[in-house]
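Spelled out from the first residue to the last, the chains are:
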Amino acid sequence: MLAIFAVQLTLAVLVTSVFACIQYRPLLFFSSGHTNNWAVLVCTSRFWFNYRHVANTLSVYRSVKRLGIPDSHIVLMLADDMACNHRNPKPATVFSHKNMELNVYGDDVEVDYRGYEVTVENFLRVLTGRLPPSTPRSKRLLSDDRSNILIYLTGHGGNGFLKFQDSEEISNVELADAFEQMWQKRRYNELLFIIDTCQGASMYERFYSPNLMALASSQVGEDSLSHQPDLAIGVHLMDRYTFYLLEFLEDIHPSSKANMNDLFKVCPKSQCVSTPGHRTDLFLRDPGSALITDFFGSVRKVEITMETINLTEPIQQTYSYVDQLPVSEIIHQKPKQKDWHPPDGFILGLWTLILLVFFKTYGMKHLKHIF
Amino acid sequence: MAAPLTLLLLVAVTVRAALYRSSLADLISERVEVVSPLTAWKRVVEGLALLDLGVSPYSGDVFHETPLIIYLFHFLVDYAEITFMLADVITAVALYLSVKDYNKQVFRKQKYALEADRYPLDCLELIRSPKEMQYIPLKVAMFYLLNPFTILSCVAKSTCGLNNAVIALFVLSTIKGNVLLSAIFLSLATYQSIYPLTLCAAALLYLLQRQYIPVNLRRFSFWWFVAQYAFMYLGSLFVIVGLSFFLLGSWDFLPSVYGFILSVPDLTPNIGLFWYFFAEMFEHFRLFFLCVFQINVFFYTVPLSIKLKEHPVFLIFMQLAVISIFKSYPTVGDIALYMAFLPVWSHLHRFLRNIFLVSCVLLACSALFPVLWHLWIYAGSANSNFYYAITLLFNVAQILLVSDYFYAFLRREHHLSHGLYLKRKDGSEATLVLK
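Residues numbered from 1 in each chain as written. Chains lettered and ligands numbered in written order. Predicted model: local features only at pLDDT ≥ 70, side-chain atom pairs only at ≥ 80, totals over all residues. Heavy atoms only, no water.

Engineer: Just give me the short version of the packing of helix α5 (residues 80–115) of chain B against helix α7 (residues 136–145) of chain B, but keep the residues and values in it.
Structural biologist: All names here are of chain B. For the pair α5 and α7, interaxial distance at closest approach is 8 Å and the crossing angle is 155 degrees. Regarding the angle of α5 to α7, the classification is roughly antiparallel. Helix-helix and strand crossings are classified by hand; for α5 and α7 the assignment is right-handed. In this structure, α5 contributes Asp88, Thr91, Ala92, Leu95, Tyr96, Val99, Lys100 and Asn103 to the contact, and α7 contributes Ile136, Pro137, Leu138, Val140, Ala141, Tyr144 and Leu145. Across the contact of α5 with α7, the residue classes break down as 11 nonpolar, two polar and two charged. (Axes fitted to C-alpha atoms, helices over the stretch in contact; angles between N-to-C directions. Helix = DSSP H or I, 4+ residues; strand = E, 2+ residues; numbered from the N terminus. Parallel < 35°, antiparallel > 145°, perpendicular 65-115°, else oblique. Left-handed = near helix turned anticlockwise from the far one by under 90°. Contact = heavy atoms within 4.5 Å. Nonpolar A, V, L, I, M, F, W, Y, C, P; charged D, E, K, R; others polar.)

Right, dumping it as structure tokens:
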């Protein structure tokens, strides 16, 4: 009797502990807080001599895609076409290493905003989601409040602004406000902002929304320098910061445990000449606990369970489409509009007056012709 | 006289019908010189469409016509072309009949003055004969119907044609001496656009003259007649406005129509003077200049009626000209109306001084309007100043025309009372100058 009771007790304890573990698992599962990843990669300069900005963006695109974010979750904006530019001696390629070691253009690049579509307005509309209804899904950032978003900007910039297409600019205030709009609309869980331009640190100075982490290639007053010119292609292929960032990311694989603190160490002053900066004060987690793959990859924990779960009885009665909606709504008929008619009192009053005036003017003798 | 008139009407209707069927109709109905925001046909169609959708046509800044026009075109929108041609025909026939009657009166007065020996001997050449006056009514109708301005205005289906018809009917009823009809048509004309209010004084003077009531402010009969006329006029105006209220059940036609005419919010370029001034004016001064410009239209009533109290029909002509030039949204249709009266004063041709200059300027400006518009809007190589310069010149030419006729009329009257060859006290030749 006592033994059975003891066995029951241990069984009960075992079962509750197993259940407790199972209850812990969702917490472990969602410990990073995000369920999907998005990336917005923008190159803002055009013309052949800005080849390196397109190469920057394409290298980040390549890494992000390699680490698991699908094209449907990447918004790639390139302001000019370098691969098919007339001056490209190696058409359909964009190289990031000298001696043409790495073609970041690849075979399956999907550019969402190209050429003159890369404007400040389009960029801000993509971020805030305020696009016209006819915009296709590939051009939208369909993130939700469990999305981690990586935003990478490159181009020519200055203290407080980034130049788009050599004709307009986006300011750091605008960018900060756009992120605040995204926060208010619950469009991100956490956001990593990387910018590779001259005086890039000025662009994240004005951020004020929570859960933002920012990296820049140079401080205010410093220029970001380009890495190597290629003598065959004739232009600089990459910027230093993104070159070393790409080198760092090439070592990351989907199950890597590298965290943000390693990312902050990429490209020290000795290699980059400029001083990279970062900002983590708005980020609610400890940067050491944020993995690289939280932003650059789309990593999901998958656990295989051996248990079976019984679903409840399926619903027997199925409604056909026709039964659910009134027929007129299906056929989209609008009720016929009634034409406007002047009120009867008005017509009566008007014609009475006209008749009165007529008879006053011409005398009552005309009445006998009517009656 | 009926046969030539009928022929004229047929010719005019044919010309208009031919133009309606051609491709020019669309082009003309968009010209800013021919249509204004008050009179455009597109806006009438838009207003009727809004009404069919269940929205008040006065919501928004589209429709600025009176409710009676809504009522009229609700049933006639498919026959709009015939309506406008009919309006032109009515105007021409009304002007024809009124000028015929006026000529009879002029000739009768002249006969009495001759019998009473009131004319000095040397101005016999200024006396008019029935023979020369025989074709004047036909000429008036021709001037109105075959005037390119009228044809353009009719083809564009501008409601200016309807306004002109009402004013012409007012002139006809005034000259025939019918007090009630004159008051009613005047109130209709005022109801359509506010400016014919100034014709009140001219009508009063004419009707008083016709009923042999002397224009003396101390006499009771004068004030009694004025009171009667004012009562009829204001009464019919109130009745019409009240009836318009019952059409749509709301008063929003008042700010949309009269508020629009008086406060000039729409600054689309036209052949008038308002748009350029108000486009470049500071907000602070807008009300002041608005008052100045609007008073300018009404201002000439009293001085002109004092000067021309013996000649009320000439006063009507002058008032119509002043309204056409100084109103807030003039179009060429308004100009056509007062120009139709010019054959009535054709006997003044020997005293007109600037007629060659004026006609050249008017012709040149009419030709330059579309050219400079194209250069400004489409080619981009001119700007609004060019178009405004032509507008200004056009209006100056019109003012010169009107003042020239005024001078010629007064001079003829002076000669009729003081002789054709004027002498100063010492016997040397003198001449008359309008100061």
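On we go from here.
Engineer: Quick rundown of the packing of aromatic side chains? Include the residues and the values.
Structural biologist: Tallied over the entire structure, the rule returns 52 aromatic pairs over all chains. An angle of 75 degrees between the planes, with centres 5.8 Å apart, marks the rings of Phe179(A) and Phe193(A) as edge-to-face. Highlighted residues: Phe179(A) in helix α4 (residues 172–184) and Phe193(A) in strand β8 (residues 190–196), separated in sequence by 14 residues. For the pair formed by Phe179(A) and Phe193(A), the shared burial category is buried. Ring centres 5.9 Å apart and planes at 50 degrees place the aromatic pair Phe317(B) and Trp345(B) in the tilted group. Remark: Trp345(B) occurs in the loop between α18 (332–339) and α19 (355–379) and Phe317(B) occurs in helix α17 (residues 312–326); sequence separation between them is 28 residues. Of the two residues examined, Phe317(B) and Trp345(B), each falls in the buried class. Positioned over the ring face of Tyr116(A) is Arg46(A), at 3.9 Å from the centre of the ring. Over the ring of Tyr407(B) we find Arg353(B), and its NZ or CZ is 4.5 Å from the ring centre. (Phe/Tyr/Trp six-rings, centres within 6.5 Å; stacked < 30°, edge-to-face > 60°. Buried < 20%, exposed > 50% of the residue type's maximum accessible area, 1.4 Å probe, protein only. Lys NZ or Arg CZ within 6 Å of the ring centre and 35° of its normal.)

Engineer: Can you lay out the interface of chain A and chain B for me, pointing to particular residues and giving the numbers?
Structural biologist: By a frequent convention, interface size equals the accessible area lost on bringing the separate parts together. Opposite the 16 residues of chain A that make contact, chain B presents 18 residues. Each partner contributes to the roughly 1,400 Å² buried at the junction of chain A and chain B, and carbon and sulfur atoms together form 76% of this total. If you look at where chain A meets chain B, you find zero salt bridges. Inspection of the chain A/chain B interface yields one residue pair in polar contact (both at pLDDT 80 or more). Across the side of chain A that touches chain B, the residue classes tally to nine nonpolar, four polar and three charged. (Buried area = accessible area lost by both parts, 1.4 Å probe. Salt bridge = Lys/Arg side-chain N within 4 Å of Asp/Glu carboxyl O. Polar contact = N/O pair within 3.5 Å; in protein donor to acceptor, adjacent residues only side chain to side chain.)

Engineer: Quick rundown of the pattern of salt bridges? Include the residues and the values.
Structural biologist: Residue and element names in this part refer to chain A. The tally for this structure, following the rule as stated, stands at 20 salt bridges over all chains. Where Glu121 meets Arg125, a salt bridge forms, and the shortest distance between an N and an O atom there is 2.9 Å. You can see Glu121 and its partner Arg125 sitting in helix α3 (residues 120–128), four residues apart, about one turn around the helix. Given a relative accessible area of 47%, Glu121 falls into the partly exposed group. On the basis of relative accessible area, Arg125 is assigned to the partly exposed category, the value being 31%. We note a salt bridge from Asp281 to Arg279, for which the minimum N-O separation is 2.8 Å.

Engineer: So what about the confidence of the model for chain B? Which residues, and what values?
Structural biologist: Residue and element names in this part refer to chain B. Per-residue pLDDT for chain B has a mean of 90; in total, 98% of the residues score no lower than 70. The spread of mean pLDDT over the elements of chain B runs between helix α6 (residues 130–133), the lowest at 82, and helix α9 (residues 160–176), the highest at 95. On the interface metric, ipTM, the complex scores 0.74, and its pTM is 0.61. (pLDDT = per-residue confidence, 0-100.)

Engineer: I'd like a rundown of the packing of α9(B) against α18(B), residues and numbers included.
Structural biologist: Packed helices, taken two at a time, are described by the angle between their axes plus the distance between the axes. All names here are of chain B. Relative orientation of the contacting elements α9 and α18 amounts to 25 degrees, with a least axis distance of 9 Å. In terms of orientation, α9 lies roughly parallel with respect to α18. The crossing of α9 and α18 is right-handed. Listed contacts from α18 to Cys160, Asn164 and Ile167 of α9 are Gly333, Asp334 and Leu337. Among the residues forming the contact of α9 with α18, the class breakdown is three nonpolar, two polar and one charged.

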